Amino acid sequence: MSHSAQLVEHHEDNSVMAALRSPKRLRIEVIAGLVVALALIPEAISFSIIAGVDPRLGLFASFTMAVSIAFLGGRPAMISAATGAVALVIAPVARNYGIDYFIATVILAGVFQVLLGVAGVAKMMRFIPRSVMVGFVNSLAILIFLAQVPHMVDVPFLVYPMIAAGIVVMLVLPRVTDIVPAPLVAIVAITGVAVVLGLPLPDVGDEGDLPTSLPSLLFPDVPLNLETLEIIAPYAFAMALVGLLESLLTAKLVDDITDTHSDKTREAWGQGAANVITGFFGGMGGCAMIGQTLINVKASGARTRISTFMAGVFLLILVVGFGDVVAVIPMAALVAVMIMVAVGTFDWHSIALPTLRRMPKSENIVMLSTVVVVVATHNLAIGVVVGVLVAMTLFARRVAHLTETHRQVVENKDGSFSAVYTVTGELFFASSNDLYTQFEYADDPESVVIDLTNSHVWDASTVAALDAIATKYERKGKTVEIIGQNDASADRHAKLTGQLPTH
């Protein structure tokens, strides 16, 4: 384990022990877990419906993921449970092959995540630019809000004042007291009013049947052969990537909110282990949940693993022990909570006119392309990948224009002349393609020198371009000498020159 990872772990142990010793901190963590559990129930049910499976699979997954990741994960206070992104990726398995293949896919995805985590995939996070992160956060806020729209369409009129009342409670209460989280007060108050007055409002019970028993160990009834692997592996790998991407981005976001570091490698393999455990308990799998994590960290002020653990425990107690009570919670109360989470998640500063004017055009394009793709596909992973590709393309285009070639004809000691080309800037596929056109092949004297003292050869495209330049001069009976290469450039050039087709 690295020194930084040991420091993170030591700090976590201290923070959990400190929370257990401090009644105030412990109360915040426990109540945060309760609020998250209440918000998880309708989401887990609706994600089960997206995946085309029984609501119990989503609820059990949320319990086992939250409890497992509380011990195994690398980011304290982050909530993992059944998610829409994972549900969308593996829904075709349940639809086309049945529930056993579906569970097997979840287990295999977990194995893939453990392998990717151990292989160091978390280090790839540094290649995700800030503008993609901003796009990720903004599109997430939009998706959280859009997920509430079905609960606000074709519903009794009373739903709207109830949602408004919930939002008012969450806006006003934090200014009065922070002893109890505003989302919990809003949920309890709206439920109390609806029950006492007998208001005909859609409730959690309408979303699907709640389980009445505890989850039990099971092994998916699938043949253990290559054919099964061919069916489930593509879906499992896609789920592994989507889950890791969402979890690691969420961990990075929580790091920023809390001004603390987390062990991303541990989080990556921890997600995998949690998915394997979830699969063997008959759950639908999942990953970090940004909405619930923000309720936990931002709205409720939780900071330790206790809140994550308690969210899982409360979820199980609520759905199994108090299913009848949970079933009467109006959806309006939970919609109000999620709307506030969406508003709090969105980076409003990023779309303010002064910010848009100040930021380079390329940064705005990357952010907007990420948002548009995520909202269009309802898949955060696709949006982030597209955002990174757009950022890379625009960066390559920008850097390519920083390469310059300066020509100078000098007289040698023997009275002959040489054309000296001084190349400045980074030479790679985007810039070296233009390099070929920068030379005056017909007008140059018989000796040509290419000075690369102020540049660097990065790839085979550049070596191929230099070979093509030399070949064209040779056809005209002229000699080319390349000087000034640094060691890395000279080594790359020596290995590849003459080995590449120059056309």
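Residues numbered from 1 in each chain as written. Predicted model: local features only at pLDDT ≥ 70, side-chain atom pairs only at ≥ 80, totals over all residues. Heavy atoms only, no water.

Trainee: What's the story with the overall build of the protein chain in this structure? I'm lost.
Mentor: A count of helical and extended segments in the protein chain gives 20 helices and 6 strands. Burial statistics for the protein chain: of 503 residues in total, 53% are counted as buried. Taking all contacts inside the protein chain whose residues are at least 6 apart in sequence as the whole, residues at least 24 apart take part in 83%. Entry remark: accessible area of the protein chain is about 23300 Å², with carbon and sulfur atoms responsible for 64%. If the 30 positive side-chain charges of the protein chain are averaged to one point and the 41 negative ones to another, these points end up 7 Å apart. (Helix = DSSP H or I, 4+ residues; strand = E, 2+ residues; numbered from the N terminus. Buried < 20%, exposed > 50% of the residue type's maximum accessible area, 1.4 Å probe, protein only. Contact = heavy atoms within 4.5 Å. Areas by Shrake-Rupley, 256 points an atom, 1.4 Å probe, with all protein chains shown as cover. Lys, Arg positive; Asp, Glu negative; His and termini not counted. Charge placed at Lys NZ, Arg CZ, Asp CG, Glu CD.)

Trainee: What is the right way to look at the side chain of Thr83 in this model?
Mentor: Examined against the element boundaries, Thr83 turns out to sit in the loop between β1 (80-81) and α4 (84-97). A residue is classified by how much of its surface remains accessible, and Thr83, at 3% relative accessible area, is buried. Setting aside residues up to four positions removed in sequence, Thr83 forms contacts with Phe47, Met284, Gly285, Gly286, Cys287, Ala288 and Met289.

Trainee: Looking at this structure, how should I read the pairing of strand β6 (residues 479-483)?
Mentor: Side-chain positions along a regular strand alternate between the two faces of the sheet. As paired elements, strand β5 (residues 447-457) and β6 share 5 bridges and run parallel to each other. Within β6, the position partnered with Val448 by the bridge is Val480. Note on the crossover from β5 through helix α19 (residues 460-475) to β6: the handedness is right-handed. (Pairing = 2+ DSSP bridges. Right-handed = clockwise from strand over helix to strand, strands pointing away.)

Trainee: When you look at the packing of helix α2 (residues 23-51) against helix α14 (residues 331-345) in this model, what are you seeing that I'm missing?
Mentor: Between two packed helices, the angle of one axis relative to the other and the distance separating the axes together describe the packing. It is the contact of α2 with α14, at a shortest axis distance of 10 Å, that shows an interaxial angle of 105 degrees. Compared by their axis directions, α2 and α14 come out roughly perpendicular. Mapping the contact onto sequence places Leu38, Ala39, Pro42 and Glu43 in α2 and Met331, Leu334 and Met338 in α14. In terms of residue class, the contact of α2 with α14 is built from 6 nonpolar, no polar and 1 charged. (Axes fitted to C-alpha atoms, helices over the stretch in contact; angles between N-to-C directions. Parallel < 35°, antiparallel > 145°, perpendicular 65-115°, else oblique. Nonpolar A, V, L, I, M, F, W, Y, C, P; charged D, E, K, R; others polar.)

Trainee: Explain the sheet that holds strand β4 (residues 417-427) here, please?
Mentor: Within a sheet, adjacent strands bond to each other through the backbone by hydrogen bonds, running parallel or antiparallel. Spatial ordering of the open sheet is given by β3-β4-β5-β6, a layout of 4 strands whose pairing is mixed. The strands lining the two open edges of the sheet, one partner per strand, are β3 (404-411) and β6. Taking the axes of each pair of neighbouring strands and ignoring which way they run, one obtains an average angle of 20 degrees across the sheet. Here β4 pairs with β5 via 9 bridges, running parallel. Counted as the bridge partner of Val420 is Val449 from β5. Lying over the sheet, α19 contacts β4, β5 and β6, oriented at roughly 175 degrees with respect to β5.

Trainee: Quick question: what am I supposed to make of a nonpolar patch on the surface here?
Mentor: A surface patch of nonpolar side chains, about 370 Å² in accessible area, is lined by Val168, Leu171, Val172 and Val176. Tracing the chain through its elements places Val172 in helix α7 (residues 159-176). Val172 sits in the partly exposed class, given a relative accessible area of 46%. (Patch = residues over 30% accessible without salt bridge, like charges linked within 9 Å, V, L, I, M, F, W, Y side chains within 5 Å. Salt bridge = Lys/Arg side-chain N within 4 Å of Asp/Glu carboxyl O.)

Trainee: What am I meant to see in the nonpolar core here?
Mentor: Soluble, globular proteins show a tendency: their nonpolar side chains are buried together. One finds Ile41, Phe102, Ile128 and Met284 to be the most contacted residues of the largest nonpolar core, which totals 110 residues. Looking at this core, the element that brings in the most residues is α2, giving 12 residues. Setting aside its immediate chain neighbours within four residues, Phe102 contacts Ala51, Val53, Leu57, Ile90, Val93, Ala94 and Met284. The next biggest cluster of nonpolar side chains, apart from the first, holds 15 residues, and it includes Tyr421, Leu435, Val463 and Ile469. (Core = buried A, V, L, I, M, F, W, Y, C linked by side-chain atoms within 4.5 Å.)

Trainee: What exactly am I supposed to notice about unusual backbone geometry here?
Mentor: For residues besides glycine, phi is generally negative; the peptide bonds are generally trans as well. Non-glycine residue Ala77 carries a positive phi angle of around 75 degrees. With respect to the helices and strands, the residue Ala77 is situated in the loop between α3 (55-72) and β1. One non-glycine residue, Asp259, adopts positive backbone phi at about 55 degrees. When you line up the elements, Asp259 lands in the loop between α9 (226-258) and α10 (264-280). Here Asp259 falls in the exposed class, since its relative accessible area comes to 70%.

Trainee: Can you walk me through helix α8 (residues 182-197) in this structure?
Mentor: Given 3.6 residues per turn, any residue in an α-helix points the same way as the ones three and four places further on. Taking 1.5 Å per residue, 16 residues should reach 22 Å; α8 reaches 22 Å between its end C-alpha atoms and fits that length. For α8, every residue scored as buried is listed here: Ala182, Pro183, Leu184, Ala186, Ile187, Ile190, Thr191 and Ala194. The inward-facing, buried residues of α8 contact α2, α7, α11 (290-299) and α14. (Expected span 1.5 Å × (residues − 1).)

Trainee: Looking at this structure, how should I read the pattern of salt bridges?
Mentor: Any two side chains of opposite charge can pair if their charged atoms end up close together. One pass over the full model with this rule turns up 7 salt bridges. Here Asp255 and Arg75 are joined by a salt bridge, their closest N and O atoms 2.6 Å apart. Of this pair, Asp255 sits in helix α9 while Arg75 sits in the loop between α3 and β1, and the two are 180 residues apart along the sequence. Judged by its relative accessible area of 7%, Arg75 is buried. Residues Lys264 and Asp255 are paired through a salt bridge, measuring 2.4 Å at the closest nitrogen-oxygen approach. The structure contains a network of salt bridges with shared partners spanning Arg75, Asp255 and Lys264.

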